[in-house]
Amino acid sequence: MNNIAIIFQKQIKDILKNKTVLIEFIIFPLMAFIMTKTVQIQDMPAGFFVKLFAVMYIGMAPLTGMSAIIAEEKEKNTLRVLLMADVTPAQYLTGTGGCVFLISMAGAGAFCAISGYSGPGEKALFLLLMAIGSLVSMLIGAVIGAGCKSQMSATSVAVPVMMTFSFLPMLSMFNETIKKAAEFAYSRQIMVLMDGLGKGQDNTGSVIIIVLNMMLFGGLFGVLYKKGGLGGN
């Protein structure tokens, strides 16, 4: 627990210094607030911009935050030093992931505050969906960070991946073909579940797809870890 706490504190300080990563955790809640307050379209669903930007936020901020941290520490050999100092990969990932998750949920709280959901039950479910989505994105970020040799290469991989998961839910609203392809993406199913809050819909299919996404990316990370993805250069 002491190792995890030290790594957690270190990563908090590093993220607060990294303006490129930090701005992603700020810009999306801010844009959702501005659009919600200034744009009014006839027959627009309640909380449209909150849900739209919340899903984009999930697909970008936790993913790039996690991949950037791991890739940077691999490149600078900080990670190897930690592992040689009896810090286990599980401890490292828990401390780093806990940091990214905490900051992600701070942004989720901002979305929840402007969401317009009525009652503590719907707000709690909204935050739960944000938490689950963030965890899947963090797994993807860990896969990218572990699989790349440098921060530059991690960024080149993370950008198209995050753009795909962030914009698929929005594009699926306007194109039936894209919608069919997006059904297998966790970000699309997070939006489906957000749209269904308080409507009593059967969400079994969405839950199964999200769990499968989590298992897939968790398995990919496990493969990379066994090949020395965390400690190797």
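Before reading on, note that the structure itself is shown above.
What you are looking at is a predicted structure, and each value in this text was computed from that prediction instead of being measured.

Chemist: Teacher, can you tell me more about the nonpolar core here?
Modeler: In summary, soluble globular proteins display a tendency toward joint burial of nonpolar side chains. F111, F126, M130, I140 and M194 are the most contacted members of the largest nonpolar core, which has 63 residues in total. Among the elements of the structure, α1 (2–17), α2 (19–38), α3 (48–75), α5 (89–114), α6 (119–147), α7 (151–171), α9 (186–195) and α10 (204–226) are those that each provide at least two residues to this core. Counting residues per element, this core draws most heavily on α3, which supplies 17 residues. When residues no more than four places from it in sequence are discounted, the contact partners of F111 are F28, P29, A32, V50, F53, A54, Y57, F126 and M130.

Chemist: Please clarify how the packing of α3 against α5 should be interpreted in this entry.
Modeler: The axes of two packed helices give the description: the angle between them and the distance between them. The geometry of α3 relative to α5 is characterised by a closest axis approach of 10 Å and an angle of 160 degrees between their N-to-C directions. With respect to each other, α3 and α5 are oriented roughly antiparallel. Considering the relative orientation of α3 and α5, their crossing is right-handed. Residues V50, F53, A54, Y57, P62, G65, M66, I69, I70 and E73 of α3 form the contact with α5, whose own contacting residues are Y92, L93, T96, G97, V100, I103, S104, G107, A108, F111 and I114. Considered class by class, the residues forming the contact of α3 with α5 number 15 nonpolar, 5 polar and 1 charged.

Chemist: I'm lost on the side chain of S172 in this one. Help?
Modeler: Tracing the sequence through the fold places S172 in the loop between α7 and α8 (176–182). Leave out the neighbours within four places in its chain, and S172 touches I178, K179, A182 and R188.

Chemist: Any chance you could explain the packing of α2 against α3 here in plain terms?
Modeler: The interhelical angle for the contact between α2 and α3, taken along N-to-C directions, is 175 degrees, at an axis separation of 9 Å. On the basis of the axis angle, α2 is roughly antiparallel to α3. Residue-level inspection shows V21, E24, F25, F28, P29, M31, A32, M35 and T36 of α2 in contact with α3, the latter providing F49, V50, F53, M56, Y57, M60, A61, P62, T64, G65 and A68. Of the residues assigned to the contact of α2 with α3, the class counts are 16 nonpolar, 3 polar and 1 charged.

Chemist: Which parts of the structure should I look at to understand the environment of A5?
Modeler: Within the secondary structure layout, A5 lies in helix α1. Its relative accessible area of 32% is what places A5 among the partly exposed residues. Spatially, the C-alpha atoms of A5 and L93 are 12 Å apart, while their sequence positions differ by 88 residues.

Chemist: Explain the packing of aromatic side chains to me, please; I cannot follow it from the model alone.
Modeler: A full pass over the atoms with the stated rule returns 6 aromatic pairs. The interplanar angle of 75 degrees and the centroid separation of 6.5 Å between the aromatic rings of F28 and Y57 together place this pair among those described as edge-to-face. One end of the pair, F28, is in helix α2; the other, Y57, is in helix α3, with 29 residues separating them in the sequence. Taking the relative accessible area as the measure of exposure, F28 reaches 9% and is therefore buried. Judged by centre distance (5.0 Å) and plane angle (45 degrees), the rings of F165 and Y186 are tilted.

Each value, and the rule that gives it
Residues numbered from 1 in each chain as written. Predicted model: local features only at pLDDT ≥ 70, side-chain atom pairs only at ≥ 80, totals over all residues. Heavy atoms only, no water. Core = buried A, V, L, I, M, F, W, Y, C linked by side-chain atoms within 4.5 Å. Buried < 20%, exposed > 50% of the residue type's maximum accessible area, 1.4 Å probe, protein only. Helix = DSSP H or I, 4+ residues; strand = E, 2+ residues; numbered from the N terminus. Contact = heavy atoms within 4.5 Å. Axes fitted to C-alpha atoms, helices over the stretch in contact; angles between N-to-C directions. Parallel < 35°, antiparallel > 145°, perpendicular 65-115°, else oblique. Left-handed = near helix turned anticlockwise from the far one by under 90°. Nonpolar A, V, L, I, M, F, W, Y, C, P; charged D, E, K, R; others polar. Phe/Tyr/Trp six-rings, centres within 6.5 Å; stacked < 30°, edge-to-face > 60°.

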